[in-house]
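Coordinate inspection notes
Each chain, letter by letter, is given below.
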Amino acid sequence: MAVPILQINCITKFFGGLKVLEDVSFDLMPGQRFGLIGPNGAGKTTVFNLLSGVYSVDSGSVILANQDITNLPIRKRIGLGLSRSFQNIRLMPHLSVLENVMMGQHCQANRITEMIKPIGWTKNNRWRQRALETIKDAGLEVDLNSTVSELPYGVRKKIEVVRALMSKPSVLMLDEPAAGLNPQETIELAGFLRGISDSNVTLLLVEHDMNFIHAICEKVVVLNFGLKIFEGTPKEVNRNKAVLEAYLGTSAMESSGVT
Ligand SMILES: Nc1ncnc2c1ncn2[C@@H]1O[C@H](COP(=O)(O)OP(=O)(O)O)[C@@H](O)[C@H]1O
Ligand SMILES: [Mg+2]
């Protein structure tokens, strides 16, 4: 039987006296496209912050490719193959597409000079080569010299994903990648991410847009008030009573056609 690439075992997190996650467990299989959904405040971003090392767990463990990463710092986790993008775009708006993708190497830089070197003076450095390869492999089609702030939002989202691929992750976590996109851009992003998944990158996506989840995810976990209330396929999720109750009245289920 295949071994999970990422195992989340009973993770619990408190912020002060507030328990925001309680004993949450799920496994990601290699190459899987996995969705993490739930109402606002359910704890989804906190899961990402715990997996990526922004916060530490209060109990539980995180295993990446058989290695316990529960207490490793952020940079080590990235080096071992866990990468993420953030809920709000954090591209450098005045830099070019290529420069922004090159910035994705910063997490691997050992010295401050290595962090800034890619931008500007060295025309053919290895980060530039790596960025060009990563852009090509991901199938990002855009003028690499264009300034990011001048590009449509949907293209910027793709650039953000490509930048996160600079560390050659085995697992890529994306927090609400389709937020703010129009329906056409959303479909395009789903296709783009499927292409990346086909190159054997495991995807863990937090997303509100259920159409997007249906278009891309093979499996979903639903959180509500910090508890896992469901795990199954996107089709099954629409029929699950606990999930329907958790979402009742919210736009996410309405947009999926469940009333
Ligand atoms: N750094 C923090 N300090 C205190 N409370 C936090 C912090 N981050 C998140 N929370 C709380 O944890 C809960 C879950 O938040 P979050 O993980 O952002 O939810 P989601 O991403 O599902 O909308 C919320 O009640 C939120 O207010
Ligand atoms: Mg969130």
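Rules used in this analysis
- Residues numbered from 1 in each chain as written.
- Chains lettered and ligands numbered in written order.
- Predicted model: local features only at pLDDT ≥ 70, side-chain atom pairs only at ≥ 80, totals over all residues.
- Heavy atoms only, no water.
- Helix = DSSP H or I, 4+ residues; strand = E, 2+ residues; numbered from the N terminus.
- Buried < 20%, exposed > 50% of the residue type's maximum accessible area, 1.4 Å probe, protein only.
- Contact = heavy atoms within 4.5 Å.
- Areas by Shrake-Rupley, 256 points an atom, 1.4 Å probe, with all protein chains shown as cover.
- Near = heavy atom within 4 Å.
- Polar contact = N/O pair within 3.5 Å; in protein donor to acceptor, adjacent residues only side chain to side chain.
- Nonpolar A, V, L, I, M, F, W, Y, C, P; charged D, E, K, R; others polar.
- Pairing = 2+ DSSP bridges.
- Salt bridge = Lys/Arg side-chain N within 4 Å of Asp/Glu carboxyl O.
- Axes fitted to C-alpha atoms, helices over the stretch in contact; angles between N-to-C directions.

1. Points about the overall build of the protein
- A count of helical and extended segments in the protein gives 11 helices and 10 strands.
- A burial count over the protein gives 51% of its 259 residues as buried.
- In the protein, once contacts between residues fewer than 6 apart in sequence are set aside, the share between residues at least 24 apart is 65%.
- Summed over all atoms, the accessible surface of the protein reaches about 12,300 Å², with 53% contributed by carbon and sulfur.

2. Brief notes about the site of ligand 1
- Neighbouring ligand 1 are F15, V20, P39, N40, G41, A42, G43, K44, T45, T46 and Y55.
- Contact between ligand 1 and T46: an oxygen atom at 2.6 Å from a side-chain N or O atom of the residue.
- Relative to its free-state accessible area of 560 Å², ligand 1 is covered by the protein chains to the extent of 62%.
- Sorting elements by how many residues they give to the shell around ligand 1 places helix α1 (residues 44-52) first, with three residues.
- Split by residue class, the shell around ligand 1 holds five nonpolar, five polar and one charged.

3. Re the sheet that holds strand β5 (residues 67-68)
- Spatially, four strands are ordered β2-β1-β4-β5 in an open sheet, and the strand pairing comes out antiparallel. Only two strands of the sheet have a single neighbouring strand rather than two, namely β2 (18-28) and β5.

4. Some remarks on the side chain of N49
- Along the chain, N49 falls in helix α1.
- For N49, the side chain forms a polar contact with the side chain of R84, separated by 2.8 Å.

5. Here we look at the pattern of salt bridges
- In the structure shown here, the tally under the stated rule is six salt bridges.
- The salt bridge partner of K228 is E231, with a shortest N-O separation of 2.5 Å.
- Assessed through its relative accessible area of 28%, E231 is described here as partly exposed.
- A salt bridge links K241 to E245; the shortest N-O distance between them is 3.1 Å. Highlighted residues: K241 and E245, both in helix α10 (residues 241-247), separated by four residues, approximately one helical turn.
- Here K241 falls in the exposed class, since its relative accessible area comes to 61%.
- One network of salt bridges, in which partners are shared, links K219, K228 and E231.

6. Observations regarding the environment of N238
- Relative to the helices and strands, N238 is located in the loop between α9 (234-237) and α10.
- With 28 residues separating them in the primary sequence, N238 and M210 have C-alpha atoms 9.6 Å apart.
- At 3.5 Å, the side chain of N238 forms a polar contact with the side chain of H214.

7. Digging into the sheet that holds strand β3 (residues 33-37)
- Taken in spatial order, the six strands line up as β6-β7-β8-β3-β9-β10 in an open sheet, and their pairing is mixed. In the strand order of this sheet, the two ends are held by β6 (82-84) and β10 (227-232), each with one partner. Neighbour to neighbour, the strand axes of the sheet diverge by 20° on average, direction disregarded.
- In this structure, β3 lies alongside strand β9 (residues 219-224), joined through four bridges in parallel fashion. Counted as the bridge partner of L36 is V221 from β9.

Purely spatial values, then, with no claim about function.
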